[in-house]
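# Remarks on the overall topology
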Amino acid sequence: MSGTSLDGIDAALVAIGRDTPPQLLGTLAAEMPDTLHQQLLHLCHAQEVSFAELAAAEDAFCRLQAEAVKALLTAQQLSPEQIQAVGSHGQTVEHAPDGHNGGPAYTLQLDNPSLLAELTGCTVVADFRRRDLAAGGQAAPLAPAFHQALFGRQEGEQLILNLGGFANLTWLPSNSKTPVTGFDTGPANVLLDAWFSKHQGGRFDQNGAWAASGNVDPELLERLLDAPFFQQPPPRSTGRELFHLPWLERHLAGHEAPDDVQATLAELTAVSVAQGIQQLPFSHQGVTLITCGGGAHNADLMARLAAHLPFATFASPSSYGWPEDWIEAGAFAWLAHQRLHQLPGNLPSVTGARGPRVLGGVYAP
Ligand SMILES: Nc1ncnc2c1ncn2[C@@H]1O[C@H](COP(=O)(O)OP(=O)(O)OP(=O)(O)O)[C@@H](O)[C@H]1O
Ligand SMILES: [Mg+2]
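## Quick word on unusual backbone geometry
Proline 141 follows alanine 140 through a cis peptide bond whose omega is -15 degrees. The topology assignment puts proline 141 in the loop between helix 4 (130–134) and helix 5 (143–151). Backbone torsion omega between proline 234 and proline 235 reads 0 degrees, so that peptide bond is classified as cis. By secondary structure assignment, the location of proline 235 is in the loop between helix 8 (218–225) and helix 9 (245–250). The residue asparagine 101 is not glycine, and still its phi comes out positive at about 50 degrees. The residue asparagine 101 is located in the loop between strand 4 (91–96) and strand 5 (106–110) in this model. In this structure asparagine 101 comes out as exposed when scored by relative accessible area, which is 76%.

## Here's the deal with the packing of aromatic side chains
Under the counting rule described, the total for this entry stands at ten aromatic pairs. Ring centres of tryptophan 171 and phenylalanine 282 lie 4.8 Å apart, and the angle between their planes is 20 degrees; this geometry places the pair in the stacked category. Within this pair, whereas tryptophan 171 is found in strand 8 (residues 166–172), its partner phenylalanine 282 is found in the loop between helix 10 (258–278) and strand 10 (288–292), the two being separated by 111 residues in sequence. Classification of tryptophan 171 by relative accessible area gives buried; the value is 5%. Between phenylalanine 230 and phenylalanine 243, the ring centres sit 5.6 Å apart and the planes meet at 40 degrees, which makes this aromatic pair tilted. In this pair, phenylalanine 230 sits in the loop between helix 8 and helix 9 while phenylalanine 243 sits in the loop between helix 8 and helix 9, placing the two residues 13 residues apart along the sequence. Each member of the pair, phenylalanine 230 as well as phenylalanine 243, is classed as buried. One aromatic cluster is present, built from ring pairs that chain together Phe229, Phe230, Phe243 and Trp247. In this arrangement the basic side chain of arginine 236 is found over the ring face of phenylalanine 229, its NZ or CZ atom lying 4.5 Å from the centre.

The rules behind each value
- Residues numbered from 1 in each chain as written.
- Chains lettered and ligands numbered in written order.
- Predicted model: local features only at pLDDT ≥ 70, side-chain atom pairs only at ≥ 80, totals over all residues.
- Heavy atoms only, no water.
- Helix = DSSP H or I, 4+ residues; strand = E, 2+ residues; numbered from the N terminus.
- Buried < 20%, exposed > 50% of the residue type's maximum accessible area, 1.4 Å probe, protein only.
- Phe/Tyr/Trp six-rings, centres within 6.5 Å; stacked < 30°, edge-to-face > 60°.
- Lys NZ or Arg CZ within 6 Å of the ring centre and 35° of its normal.

As structure tokens, then:
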């Protein structure tokens, strides 16, 4: 798995049985080298790109994935034949589930599952999103079905919040007859990383220390929250096409101190998550909120969330054997398993697809 933050490849070894929740057996994180990070960032935001640029980035990305898979297998003393499949999400470079300027809906993940199969000797399952899109869905978020498989056996109302480049929320209702809800709430790390990198250098604001040194600018916050996305009812998903540095800069009055902007961006994430939760139709008192993704390590962001959600009991997925950084990677292992067993991977109540669909294609070793 590599998400919209472009921070690295997360490789997870997962055991999936019929009657027990998926189990995390091993992990390996491969940091995204600066050159590849820049290449992918360019592809995400450039107006024009050449096929050669696309191919070069895809090749480098795929080779990094293969190294991660091989290193994880070596560390776990496993041969490629001993695992059923590698689930590869690919790298999203554009996500336009509602089309672009009246054109067809699309979501574009750079990926080369043929090369990954060739390099690793493993069966590869890939292209998870486009079948849901073909069935009229948003193709995102896909993690809620996995959240249900992982956490769905617990009592009471449960929320799972993934703080990746963007934030997505899953509601697992206590009444099993109520459909699972899930949607993107808006930007999380993507704007924090971009603003931090521009003003402080480096990839991200460690523990949100810089954001914590600033003060929220209420007028800026209001202008940012005015974006139509925040008013859109689910199903909804978003990406770098909507929320990016020029978008932020268009909303600045020009006199803001950079650390105040960082604080305001963190507050934007917290407020948009809180609004997403408040719209869900259940009594929120005592709800369990499981937080995952890289943003769960951001102390400033977590404090802001806690301030907006005093009724929630915050929980770490670690108590289920899944540290916060591995849920998304686990989701794509689980989705690969679903594909191999011809089982649906999407939740129509989440993506808005016409029905459950078997997601992805299988590439032989
Ligand atoms: N200690 C930390 N303090 C602050 N931010 C952190 C810390 N650790 C990680 N992060 C943030 O988390 C980001 C990576 O998170 P993650 O890998 O969950 O996002 P992602 O790759 O976009 O995933 P996805 O889009 O699939 O949810 C980093 O870019 C950084 O902003
Ligand atoms: Mg990541």
